[in-house]
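In case you want the letters, here they are:
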Amino acid sequence: MPSHSDLANAIRALSMDAVEKAKSGHVGLPLGMADVATVLFGEILKFDAAAPDWADRDRFVLSAGHGSMLLYALLHLTGYSDVSVDEIRNFRQLGSKTPGHPEYGHTQGVETTTGPLGQGLANAVGMALAERHLNARFGDELVDHHTWVIAGDGCLMEGISQEAITLAGHLKLNKLIVLFDDNAVTIDGSTDLADSTDQLKRFEASGWRVSRVDGHNPDDIRKALADAKSSDRPVMIACKTIIGYGAPKLAGTGPAHGGPYGAEEIAGIRENIGWPHQPFEVPGDILKTWRKAGERSRPARTEWEARLSGSDQASAFKAAVAGELPDGVARAVADHKKKVAEGGEAKATRAWSGAALEPLTALIPEMVGGSADLSGSNNTKTKSLSPLTPEAFGGRYIHYGVREHAMAAMMNGMALHGGIIPYSGTFLVFSDYSRPAIRLGALMGLRVIHVMTHDSIGVGEDGPTHQPVEHVASLRTIPGLNVFRPADGVETAECWELALQSSDGPSVMVLTRQNVGPVRGSHVSENLCAKGGYVVSEAKSPAKAVILASGSEVEVAIKAQTALEADGIGVRVVSMPSFERFAAQPDVYRAEVLGDLPKVAVEAGVRQGWDRWIGPEGGFVGMDSFGASAPAKALFEHFGISPEAVAAKVKSLI
């Protein structure tokens with residue numbers, strides 16, 4: 001019977017062989033955390049390698065994603081079909097299932113894309129929150145699992161970790177367990193070069209249960225992990241390890257973090273850990289023991305499947321996990337649109353967003369909202385939503401506090417877990433705080449909806465610190481991200497429908513603080529925003545130019561059109577709520593909308609991105625500087641974003 005050391009050394013050997021062959025990678029963490037990972041995967045973690053998507057499996061997040069070979073070795077050893085020994089040999093090569101950092105959707109068993117430190121930790125908080133919420137909805141018989149995290153010093157130094165751990169502690173997420181790779185080393189050297197934080201006291205002060213173990217003593221590890229499962233709070237276990245364990249010269253040093261160690265050092269590790277086998281060779285008895293570990297929870301899975309089959313909640317549970325929208329969504333949106341179009345009111349699009357959310361959140365129980373301490377401003381809390389608290393995990397509204405970065409990353413974690421469609425709000429200017437998580441959400445193709453209000457100099461008196469100028473253009477550069485900037489209540493409802501339908505990527509709803517007049521005065525059942533850009537107001541006489549606009553500036557464009565028509569100049573106005581969706585339309589449609597005419601774009605932001613539609617010779621009315629502190633109306637006049645300025649720009653081009 002293979003010993004614990006035999007099993008752990010199989011992880012070490014595969015990791016160092018793969019990094020050495022690739023001449024690239026990070027073997028220090030796998031060498032150091034192999035003992036912890038062996039106990040976790042071999043004895044504790046609830047999973048079945050033959051069913052990677054089992055809904056009630058434990059989640060494992062390698063927040064320290066640079067140590068990816070630890071995870072790939074475990075996936076191979078426990079029998080995940082994606083990760084053959086050939087894939088281990090092909091580490092970090094084009095097209096392999098073993099990329100440099102773990103990538104969700106690319107490799108079975110990878111629960112989230114990690115690498116940017118701290119993101120995985122915050123994702124895990126979202127996963128643990130999703131588990132508690134779904135447990136409150138469906139009960140222990142269908143939802144009862146833990147979320148485990150391996151995090152390193154770097155993860156805990158990143159600011160997002162403070163946001164995430166304090167909220168996790170506040171919410172008493174007792175199914176969350178963080179295994180801290182406490183090796184006191186970063187790339188530059190000892191952690192005391194840059195940090196002297198007592199991490200146990202830090203977590204304890206945030207409401208966590210904490211302990212410290214010898215990360216190379218399987219008995220200590222086993223007891224700590226088993227005890228953690230019965231906690232009434234989230235748990236952090238500091239596992240004291242040696243980075244690069246077994247390396248004759250590099251163990252315990254900064255250079256042990258990454259890079260190939262070289263043949264001499266690898267040979268020394270083999271000798272020190274007692275592993276005489278050839279590269280990528282795992283003896284049959286050791287591999288057999290690991291494969292049994294991959295099957296250990298199969299009885300639990302089959303029992304769970306039987307419970308699901310006999311549950312009167314089976315249909316609702318399956319629909320939630322699949323992310324299916326109820327049949328009535330299209331009708332609810334259409335009814336709301338009709339009411340808005342016939343009402344003809346002038347409101348801020350943030351208010352219209354809140355109005356659209358009322359029927360949607362009432363109809364879709366998977367929608368879980370929230371805000372970073374701006375609920376009243378973002379209009380994200382509806383009558384259907386009650387606060388999610390430690391006493392009421394069934395609530396569907398999360399008060400994130402002033403934690404924009406963790407909020408975005410936690411929503412990624414909720415979406416990854418499944419069963420939840422998360423959305424939350426903050427001011428658009430603070431999208432910079434959320435951006436790393438938004439980017440990863442786009443990379444993973446997650447349905448997460450970011451409500452970003454106060455979208456321009458229309459913020460007014462708060463001044464340039466709070467007035468987005470470059471933010472919309474910047475967000476539009478992220479591949480796979482839907483950026484919606486609706487013009488009125490009808491467009492806002494349509495954009496919400498599109499965001500909910502976008503199951504393969506995140507969306508940002510860019511919304512105004514100030515009131516805007518209606519630009520869609522008559523009801524049409526078709527979702528016109530679905531094409532990204534469309535003619536919202538056709539020229540009354542032969543068109544000589546096209547004005548393109550988004551959001552609050554569509555109203556400006558239509559007023560300019562009226563003025564130009566009075567001067568005998570026919571102009572077409574095109575609303576552009578989504579660059580991404582317009583770009584996806586057939587060439588013939590875009591040509592039909594834009595025509596072969598001079599073009600002027602108007603948006604209360606920078607020009608970047610508009611040249612794709614108006615050409616470098618096109619006119620632009622917008623911002624080329626930061627804003628100022630004044631009432632919104634005065635600012636639009638001061639910066640020349642007006643119907644008169646747009647009309648003048650058109651005349652200069654024809």
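For the structure itself, look to the data block above.
Just so we're clear, the structure is a prediction, and the values are computed from it rather than from any experiment.

1. Some thoughts on empty space enclosed by the protein
In this structure the tally under the stated criterion is five cavities of 30 Å³ or more. One number sums up the size of the largest cavity: a volume of about 100 Å³. Lining of the largest cavity is provided by 14 residues; of these, Phe47, Asp58, Tyr80, Gly109 and Glu111 occupy positions nearest its centre. Its residues placed into classes, the lining of the largest cavity shows nine nonpolar, one polar and four charged. Within this model, the second largest cavity holds a volume of roughly 50 Å³. If you go around the second largest cavity, the residues you meet are Ala55, Asp56, Arg59, Leu134, Leu142, Val143, Phe317, Val321, His417, Gly418 and Gly419. Each residue belonging to the lining of the second largest cavity can be placed in one class, and the counts come to six nonpolar, three polar and two charged.

2. Brief notes about the packing of helix α1 (residues 4–22) against helix α3 (residues 68–78)
For the pair α1 and α3, the least separation of the axes is 9 Å and the interaxial angle reads 120°. The pairing of α1 with α3 is recorded here as oblique in orientation. Considering only the axes of α1 and α3, their crossing is right-handed. When α1 is examined against α3, the residues Ala10, Ile11, Leu14, Ser15, Ala18 and Val19 are found in contact with a partner set consisting of Met69, Leu70, Ala73, Leu74, His76 and Leu77. Its residues assigned to classes, the contact of α1 with α3 comprises 10 nonpolar, two polar and no charged.

3. Here we look at the pattern of salt bridges
For the coordinates displayed, the defined rule picks out 34 salt bridges. Residue Arg233 pairs with Asp232 through a salt bridge whose shortest N-O separation is 3.4 Å. One salt bridge in this structure joins Glu264 and Lys249, with 3.3 Å as the shortest N-O distance. Linking Glu264 in helix α10 (residues 263–273) with Lys249 in the loop between β7 (235–240) and α10, this pair joins segments that are 15 residues apart in sequence.

4. Regarding the nonpolar core
Counting residues in each nonpolar core, the largest one holds 116 residues, and the members touching the most others are Leu179, Ile237 and Trp290. Setting aside anything within four residues of it in sequence, one finds Leu179 in contact with Met33, Val36, Leu40, Trp148, Val149, Ile150, Ala151, Leu225, Ile237 and Cys239.

5. Some points on helix α15 (residues 349–363)
With 15 residues, α15 should reach 21 Å at 1.5 Å per residue; the first-to-last C-alpha distance of 21 Å fits that figure. At Leu357, α15 shows its largest kink, close to 30°, and the proline Pro359 lies no more than four residues downstream. Those residues of α15 that fall on the buried side of the exposure criterion are Thr349, Arg350, Trp352, Ser353, Gly354, Ala356, Leu357, Leu360 and Thr361.

6. Examining unusual backbone geometry
The residue Asp373 is not glycine, and still its phi comes out positive at about 70°. Structurally, the position occupied by Asp373 is in the loop between β9 (367–371) and α16 (375–378). Here Asn379, not a glycine, exhibits a phi torsion of approximately 60°, which is positive. Within the element layout of this structure, Asn379 appears in the loop between α16 and β10 (397–399). Note on Asn379: relative accessible area 24%, which makes it partly exposed.

7. With respect to the pairing of strand β17 (residues 543–549)
Summarising burial for β17: five of the seven residues are buried, a large majority. Strand direction decides the pairing type here: β17 and strand β18 (residues 570–575), joined by six bridges, are parallel. The residue bridging Ala545 from the neighbouring strand is Val571, located in β18. Crossover β17 to β18 through helix α21 (residues 553–566) is right-handed. In the sheet, β17 pairs with strand β19 (residues 599–602) via four bridges, with the strands oriented parallel. Looking across to β19, one finds that Ala549 is bridged to Val602.

8. Brief notes about the packing of α1 against α10
Packed helices, taken two at a time, are described by their axes: the angle between them and the distance between them. Relative orientation of the contacting elements α1 and α10 amounts to 175°, with a least axis distance of 11 Å. In terms of their interaxial angle, α1 and α10 are classed as roughly antiparallel. Of α10, the residues touching α1 (which contributes Asn9, Arg12, Met16, Asp17 and Glu20) are Ala263, Ile266, Ile269, Arg270 and Ile273. Residues belonging to the contact of α1 with α10 are distributed by class as follows: five nonpolar, one polar and four charged.

9. Considerations on the sheet that holds strand β1 (residues 59–62)
For sheets, the rule is that strands pair by backbone hydrogen bonds, running either parallel or antiparallel. Judged by pairing direction, the sheet is parallel, and its five strands sit side by side in the order β1-β2-β3-β7-β6 without closing on themselves. Of all the strands in the sheet, just β1 and β6 (209–214) have a single pairing partner and so form its edges. Taking the axes of each pair of neighbouring strands and ignoring which way they run, one obtains an average angle of 20° across the sheet. Pairing between strand β3 (residues 176–182) and β7: six bridges, direction parallel. Its bridge partner lying in β7, Val178 is registered against Met236.

The rules we used
- Residues numbered from 1 in each chain as written.
- Predicted model: local features only at pLDDT ≥ 70, side-chain atom pairs only at ≥ 80, totals over all residues.
- Heavy atoms only, no water.
- 1 Å grid on protein atoms, 1.4 Å probe; cavity = no way out; pocket = protein on both sides within 12 Å on 5 of 7 lines; lining within 4 Å.
- Points joined across faces, edges and corners; volume = space filled by probe spheres on them.
- Nonpolar A, V, L, I, M, F, W, Y, C, P; charged D, E, K, R; others polar.
- Axes fitted to C-alpha atoms, helices over the stretch in contact; angles between N-to-C directions.
- Helix = DSSP H or I, 4+ residues; strand = E, 2+ residues; numbered from the N terminus.
- Parallel < 35°, antiparallel > 145°, perpendicular 65-115°, else oblique.
- Left-handed = near helix turned anticlockwise from the far one by under 90°.
- Contact = heavy atoms within 4.5 Å.
- Salt bridge = Lys/Arg side-chain N within 4 Å of Asp/Glu carboxyl O.
- Core = buried A, V, L, I, M, F, W, Y, C linked by side-chain atoms within 4.5 Å.
- Buried < 20%, exposed > 50% of the residue type's maximum accessible area, 1.4 Å probe, protein only.
- Expected span 1.5 Å × (residues − 1).
- Bend = angle between axes of the 7 residues up to and from the residue.
- Pairing = 2+ DSSP bridges.
- Right-handed = clockwise from strand over helix to strand, strands pointing away.

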